[in-house]
Amino acid sequence: MPRLVYVMAASHSGSTLLAMLLNAHPQVVTAGELKAVNLGDPERYRCSCHALLKSCDFWQTVNREMVANGHDFRIHDLARTHFDVFQSPWIQRLLRPLVRAQAWERLRELALALSPEWRHGLPIMLQRSRDLVHAVARVAGAEVVVESSKVGMRLKMLAEHTDLDIHVVRLIRDGRAVALTYMRPAEFADAKDASLRGGGTGANHDHTLDMAAAAREWRRSNEEAEALLAQLPGLPVIQLNYEALCSDPLQEVNCVFAALGLSPIATLDGFRDVPHHVIGNGMRLDSDSRIVLDDRWRQTLSEDELHTFAAVAGGLNRSYGYV
Ligand SMILES: [Zn+2]
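Quick look at the structure, then. (Residues numbered from 1 in each chain as written. Predicted model: local features only at pLDDT ≥ 70, side-chain atom pairs only at ≥ 80, totals over all residues. Heavy atoms only, no water.)

The next subject is the overall build of the protein. When its secondary structure is counted, the protein shows 14 helices and five strands. A globule of 323 residues ought to have a C-alpha radius of gyration of about 20 Å, and the protein, at 19 Å, matches this closely. Across the 323 residues of the protein, 55% fall into the buried class. In the protein, the proportion of contacts linking residues at least 24 apart, taken out of those at least 6 apart, comes to 79%. Accessible surface, the protein: about 14,200 Å² in total, of which carbon and sulfur atoms supply 51%. (Helix = DSSP H or I, 4+ residues; strand = E, 2+ residues; numbered from the N terminus. Rg over C-alpha atoms; globule rule 2.2 N^0.38 Å. Buried < 20%, exposed > 50% of the residue type's maximum accessible area, 1.4 Å probe, protein only. Contact = heavy atoms within 4.5 Å. Areas by Shrake-Rupley, 256 points an atom, 1.4 Å probe, with all protein chains shown as cover.)

Ranked by internal contacts, the top residues of the largest apolar core, which has 53 residues, are W59, I75, F83, W118, L132, V136 and L155. Leave out the neighbours within four places in its chain, and L155 touches Y6, M8, I166, V168, L228, L232 and L235. If you look at the next biggest cluster of nonpolar residues, it comprises 30 residues, including L21, L22, V28 and V278. (Core = buried A, V, L, I, M, F, W, Y, C linked by side-chain atoms within 4.5 Å.)

Going through the model one piece at a time under the given rule, you end up with five aromatic pairs. Their ring planes at 40° and their centres at 5.0 Å tell us that F86 and W118 sit as a pair that is tilted. Note that F86 is positioned in the loop between α2 (57–68) and α3 (89–95) and W118 in helix α5 (residues 116–140), a separation of 32 residues in sequence. The pair formed by F86 and W118 is uniform in burial state, with each residue classed as buried. Pairing W218 with F309 gives two aromatic rings, centres 5.9 Å apart and planes at 50°, and the pair type is tilted. Remark: F309 occurs in helix α14 (residues 303–319) and W218 occurs in helix α10 (residues 211–231); sequence separation between them is 91 residues. (Phe/Tyr/Trp six-rings, centres within 6.5 Å; stacked < 30°, edge-to-face > 60°.)

The class of F309 is buried, set by a relative accessible area of 2%. Spatially, the C-alpha atom of F309 lies 8.4 Å from that of R216, the residues being 93 residues apart in sequence. Those residues in contact with F309 that lie beyond four places of it in its chain are G175, R176, A179, M211, A215, W218, G314 and N317.

Close contact between helix α1 (residues 15–22) and helix α12 (residues 249–259) brings their axes to 10 Å; oriented N to C, the two are set at 70°. Considered as vectors, α1 and α12 are oriented roughly perpendicular to each other. Contact with α1, carried on its side by L18, L21 and L22, involves P249, V253, V256 and F257 of α12 and no other residues of that element. (Axes fitted to C-alpha atoms, helices over the stretch in contact; angles between N-to-C directions. Parallel < 35°, antiparallel > 145°, perpendicular 65-115°, else oblique.)

Turning our attention to the coordination of the zinc ion. The protein atoms that coordinate the zinc ion are C47 (SG), C49 (SG), C56 (SG) and H277 (ND1), at distances of 2.1 to 2.4 Å. Around the zinc ion, the four donor atoms are arranged such that angles at the metal cover 95 to 118°; this shape is classified as tetrahedral. For the zinc ion, all donor residues lie on one chain, and their spacing in sequence is C-x1-C-x6-C-x220-H. Looking at C49, the relative accessible area reads 33%, which means it is partly exposed. Under the relative-accessibility criterion, C56 is labelled buried at 1%. (Donors = N, O, S within 2.8 Å, 3.2 Å for Na, K, Ca; no water. Tetrahedral: all angles 85-135°; square planar, octahedral: opposite > 155°, others 65-115°.)

Turning to the layout of surface pockets, a few remarks are in order. The rolling of a water-molecule-sized probe over the atoms marks out the regions of remaining empty space. Roughly 210 Å³ of internal volume is contained in the second largest pocket. Along its surface, the second largest pocket is lined by 15 residues, and A36, D77, L78, A79 and D84 are the ones closest to its centre. Partitioning the lining of the second largest pocket into residue classes produces eight nonpolar, four polar and three charged. (1 Å grid on protein atoms, 1.4 Å probe; cavity = no way out; pocket = protein on both sides within 12 Å on 5 of 7 lines; lining within 4 Å. Points joined across faces, edges and corners; volume = space filled by probe spheres on them. Nonpolar A, V, L, I, M, F, W, Y, C, P; charged D, E, K, R; others polar.)

So, on to helix α4 (residues 102–113). Along its twelve residues, α4 runs 16 Å from first to last C-alpha, staying within 8% of the 16 Å computed at 1.5 Å per residue. For α4, the complete set of buried residues consists of E105, R108, A111 and L112. One side of α4 holds all its buried residues, which, seen down the axis, span an arc of 120°. Exposed residues pointing more than 90 degrees away from the buried face of α4 are listed as A103, R106, L107 and L110. (Expected span 1.5 Å × (residues − 1). Arc of directions from axis to C-beta.)

Here you go:
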């Protein structure tokens, strides 16, 4: 029975870095974003091994495992392991708000349950997701699978409706750094090599936010994590900071391994040389194994922008120890 480590973090908080570092343990395999959506052009999307996702050997073996298990499945264009399987605009509208307090979530569940498409489709989507975790573990010969989809509702559904043994790793990063990545994603949030951005297609990011919206997005994402974990009290949670991860990565990942009952590892040198097949943020395609704290927000954000951040999300940021 594999264990699933679900990374909870606001986007661009270092979750792909963490997921790739965890993959250095011989009993851990990182799959990345098993929701397998937002791949842009699925025909051109690259796995972190740099093969096209559709022709990567690892994922082709996983595809065969899934088919042998009775699923019509291809990771790059027929995963159907996420909420995008639902066509109904009613369902999509109900799923859009991030997780809130329990009373609100009860209403959401009641409203979703009115839809026959949801009642029929959810168990199938979750069964595929559960079987995919098992298939990835089997193909990799690992006992722990790391998923970095980072969608709160997805974690909630997996925890409440499947038999997966889930551990949450919550990663928190200074909101000012994260907000900058939402404001200027091409420069601050993707592969260093511009030709590898957009999942290896070199595509540009066209989605940029102003500081108020960026700060709100970071705050909402962390509020979601707190609401969610309050509603899933049985789940073991390991909390890390991005900044500590960058300053002593080996110690931080060994803390995670200890919490999972795994033996510590001796080094992270060359962590990118360990075979990996990760779906997600562009940094998985970089080749540099050095880990450097990215705090370019200190030189980049203007006084005005810092004031705006403080007004929108300063309290929460300070509560996490960022001054
Ligand atoms: Zn691959």
